[in-house]
Amino acid sequence: MNILILGSGGREYSIGLAIYKENAHNLYFMPGNGATDRLGTNINIKDYNQLAVWAKDNSIDLTIVGPEAPLVDGVVDIFKQNGLVIFGPSAAAAQLEGSKVYMKNILKKYNIPTAAFIETSNEKEAFDFIDTMSEPIVVKADGLCAGKGVIIAQTKDEAKKAASEMLSGAAFGDAGTSIVVEEYLDGYELSVFAICDGENYKVLPAAQDHKRIGDGDTGPNTGGMGAYAPTPLVNDDIYKKIEERVIKPTLKGMQQEGAPFEGVLFIGVMVVKGEPIILEYNVRFGDPECEILMPLLATPVSELFYKGATKQLDKLDIKIKDEFGVGVVMASGNYPYGSSAPAEIIVDEIVDADLLENSHISYAGVEKIDDKLMATGGRVLVCVGFGKSIKEARNRAYALCGQVHFAGKKCRTDIAYQALK
Ligand code: AMP
Ligand code: GLY
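All values reported here derive from a predicted model rather than from experimental measurement.

**Q** Teacher, can you tell me more about the side chain of N33 here?
**A** Checked against the element boundaries, N33 lands in the loop between β2 (26–31) and β3 (41–42). A residue is classified by how much of its surface remains accessible, and N33, at 7% relative accessible area, is buried. A distance of 3.1 Å separates a polar side-chain atom of N33 from the backbone oxygen of S8. Beyond its immediate sequence surroundings of up to four residues, N33 is in contact with S8, G9, Y13, N42, Y363, A364 and V366.

**Q** In this structure, what is going on with empty space enclosed by the protein? I would like to understand it.
**A** The gaps left among the atoms become clear once a water-sized probe is rolled over them. Considering all chains together, one arrives at one cavity of 30 Å³ or more under this definition. Considered as a void within the structure, the largest cavity measures approximately 60 Å³ in volume. What lines the largest cavity is a set of 14 residues, and nearest its centre among them are V65, F87, V264, V283 and R284. Contributions of two or more residues to the lining of the largest cavity are made by β4 (62–65) and β16 (262–272). Classifying every residue of the lining of the largest cavity by side-chain character gives 10 nonpolar, three polar and one charged.

**Q** Even after reading the chapter, I still don't get the site of ligand 1, so can you show me in this structure?
**A** As a structural note, the neighbourhood of ligand 1 is formed by 14 residues, with E182, E183, L185, E189 and E280 the closest of them. Between ligand 1 and E189 there is a distance of 2.4 Å, counted from an oxygen atom to a side-chain nitrogen or oxygen. If ligand 1 stood free it would expose 470 Å²; the protein chains cover 88% of that surface. Listing elements by their share of the shell around ligand 1, those giving two or more residues are β7 (137–141), β8 (150–153), β9 (179–183) and β17 (275–282). Per-class residue counts for the shell around ligand 1 are seven nonpolar, no polar and seven charged.

**Q** Explain the sheet that holds β16 here, please?
**A** In a beta sheet, neighbouring strands are held together by backbone hydrogen bonds and run either parallel or antiparallel to one another. Ordered in space as β11-β10-β16-β17, the four strands form an open sheet in which the pairing is antiparallel. Looking along the sheet, the strands with just one partner apiece sit at the ends: β11 (201–203) and β17. Along the sheet, successive strands turn relative to each other by an average axial angle of 30 degrees, direction set aside. Here 10 bridges tie strand β10 (residues 188–197) to β16, and the two strands are oriented antiparallel to one another. The residue of β16 that forms the bridge with S191 is G268.

**Q** Would you mind going over the site of ligand 2 with me for this structure?
**A** By nearness alone, every residue bordering ligand 2 is listed as D209, G223, F266, R284, G286, D287, P288 and E289. A distance of 2.9 Å separates an oxygen atom of ligand 2 from a polar atom in the backbone of D287. Here ligand 2 has 200 Å² of accessible area as a free molecule, and 87% of this is covered by the chains.

**Q** Before we go on, may I ask you to explain helix α11 (residues 301–309) in this structure?
**A** Owing to its 3.6 residues per turn, the α-helix aligns residues three or four sequence positions apart on the same side. Taking burial as the measure, the nine residues of α11 include seven buried ones, the bulk of the element. All buried positions along α11 are accounted for by V301, S302, L304, F305, K307, G308 and A309. Contact partners of the buried residues in α11: β1 (2–7), α1 (10–20), β4, β5 (86–87), β10 and α10 (289–296). In the segment just after α11, K311 is the residue with positive phi, at about 55 degrees.

**Q** Looking at this model, I keep getting lost on the pattern of salt bridges. Mind explaining?
**A** Two side chains carrying opposite charge are able to pair once their charged atoms lie near each other. Under the criterion given, the structure shown has 24 salt bridges. The salt bridge partner of E97 is R284, with a shortest N-O separation of 3.1 Å. Remark: R284 occurs in the loop between β17 and α10 and E97 occurs in helix α5 (residues 95–98); sequence separation between them is 187 residues. The same class applies to E97 as to R284, namely buried. Here D237 ties to K241 by a salt bridge, and the two come within 3.1 Å at their closest N and O atoms. Here D237 pairs with K241, and both are found in helix α9 (residues 236–256), just four residues apart, close to one helical turn. Taken together, the salt bridges that share partners define one network made up of D237, K241, R245 and E275.

**Q** Before we go on, may I ask you to explain the environment of D354 in this structure?
**A** Turning to its location among the elements, D354 is positioned in helix α12 (residues 353–357). With a relative accessible area of 41%, D354 lands in the partly exposed category. In the structure, D354 is positioned 23 residues away from A331 in sequence and 25 Å away in space, judged by C-alpha atoms. Within the structure, the side chain of D354 is placed 2.9 Å from the side chain of R396, a separation counted as a polar contact.

**Q** Help me understand the layout of surface pockets, please; the structure alone is not making it clear to me.
**A** What the second largest pocket holds in volume is close to 330 Å³. Along its surface, the second largest pocket is lined by 19 residues, and K21, M294, P295, L297 and K321 are the ones closest to its centre. Tallied by class, the residues present in the lining of the second largest pocket amount to nine nonpolar, five polar and five charged.

**Q** Explanation requested: the UniProt feature "domain: ATP-grasp" (unreviewed entry) in the protein chain in the structure shown.
**A** The UniProt entry lists residues 104–310 under the feature "domain: ATP-grasp" (unreviewed entry), expressed in the numbering used here. Helix and strand shares over residues 104–310 are 32% and 30% respectively, and the end C-alpha atoms of the span are 28 Å apart.

**Q** What exactly am I supposed to notice about the sheet that holds strand β21 (residues 359–363) here?
**A** The strand order β12-β15-β18-β24-β21 describes an open sheet built from five strands, whose pairing is antiparallel. If you trace the sheet from one side to the other, it starts and ends with β12 (208–209) and β21, each paired once. Where β21 meets strand β24 (residues 379–387), five bridges bridge the pair, whose relative direction is antiparallel. Looking across to β24, one finds that Y363 is bridged to L381. Sheet strands touched by helix α13 (residues 390–401): β15 (226–229), β18 (324–331), β21 and β24. Its angle to β24, the strand with the most contacts, is close to 140 degrees.

Reading the values: the criteria
Residues numbered from 1 in each chain as written. Chains lettered and ligands numbered in written order. Predicted model: local features only at pLDDT ≥ 70, side-chain atom pairs only at ≥ 80, totals over all residues. Heavy atoms only, no water. Helix = DSSP H or I, 4+ residues; strand = E, 2+ residues; numbered from the N terminus. Buried < 20%, exposed > 50% of the residue type's maximum accessible area, 1.4 Å probe, protein only. Polar contact = N/O pair within 3.5 Å; in protein donor to acceptor, adjacent residues only side chain to side chain. Contact = heavy atoms within 4.5 Å. 1 Å grid on protein atoms, 1.4 Å probe; cavity = no way out; pocket = protein on both sides within 12 Å on 5 of 7 lines; lining within 4 Å. Points joined across faces, edges and corners; volume = space filled by probe spheres on them. Nonpolar A, V, L, I, M, F, W, Y, C, P; charged D, E, K, R; others polar. Near = heavy atom within 4 Å. Areas by Shrake-Rupley, 256 points an atom, 1.4 Å probe, with all protein chains shown as cover. Pairing = 2+ DSSP bridges. Axes fitted to C-alpha atoms, helices over the stretch in contact; angles between N-to-C directions. Salt bridge = Lys/Arg side-chain N within 4 Å of Asp/Glu carboxyl O. UniProt positions renumbered as here; feature names shortened; annotations may be inferred.

In structure tokens form, the structure reads like this:
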């Protein structure tokens, strides 16, 4: 097949790498990054209507959308209107991520377990609700805020301040003029992904992300500093509850709403006393979760996404390798506070046969400048290791980190700690 991948991060690189290894397809990336051109061809057509014309002219058989922004902007609708096969939700279904108010209302309407909340655009209403709550209190901006729109307030005053700043538009502009105020959930967090075709679904092994910059989950939030899967923190009982109480009613509910969900349903779960409670939905793969899940699939990734895009998931028996994956993000020096000067990336030749076979790099914030691979983004690359245990996979991921050099590089040293406690 001719396959087009939209996006430029480690997530999109890892989808591309998995398809590249199938040895059967031509890959295109829009826009891709400084390393995706090792896997295929980078193109640069930003307008989705023009891109759809290009896809038709170039006989693209399948388009895969990595990030949320093009989904919320309706790229899937435009491609489908042009008769193209594309894997991802419509703009209507992408509201599950595009609007936290929409998402919470769907959860409530279809009785899916989630934190008690109100949604409001009114400061007095927000304050009155906050006064009835126990601390800490969670305040969320409605719209997309690049992962920054959630405040965990330790006191009622702090919650009110956050609510006011969002509602006035001072904090996040229009994305914050509606808010969700909700109870704080105390438990452990999971990332669960269901590949959906509107009706049928396949669940991937549960992963754990590490959102804070520092070891021991300290410091500010980031896009995610590392992930591993499958996590032993999930048992069959929790998977079953997630399927019955969350995935099935969501797919049914979205059909009833007239916005059937096709694509990757990313279920942010908090497990509280053995019960899965939904924190949020995203409508795409997590990054860096994707980087470890793609290589764990024994089923060809192209087939999984093609069947997802053409309502044939009921005909697919998904196979997962009997292995663990650990991914460690290597970030640039000033991440997540600001940008860093471009720095050349040098990867030592890997001589250890075992490491060579059981690890690889997924490139993210990289550009080619004067034919050199340069670190130019915040999260630069992900070192991914595999093994028969989490420990083995983690040792390989960190061994690979030791082979990668660029000025200012930093990574967490404790990825997967919750599984190894
Ligand atoms: P969200 O964008 O909704 O996933 O929120 C970002 C992060 O904030 C989540 O990954 C959680 O770590 C945390 N969070 C969000 N909502 C809650 C909540 N109700 N209770 C505790 N932590 C939360
Ligand atoms: N790793 C979390 C996210 O992609 O939102």
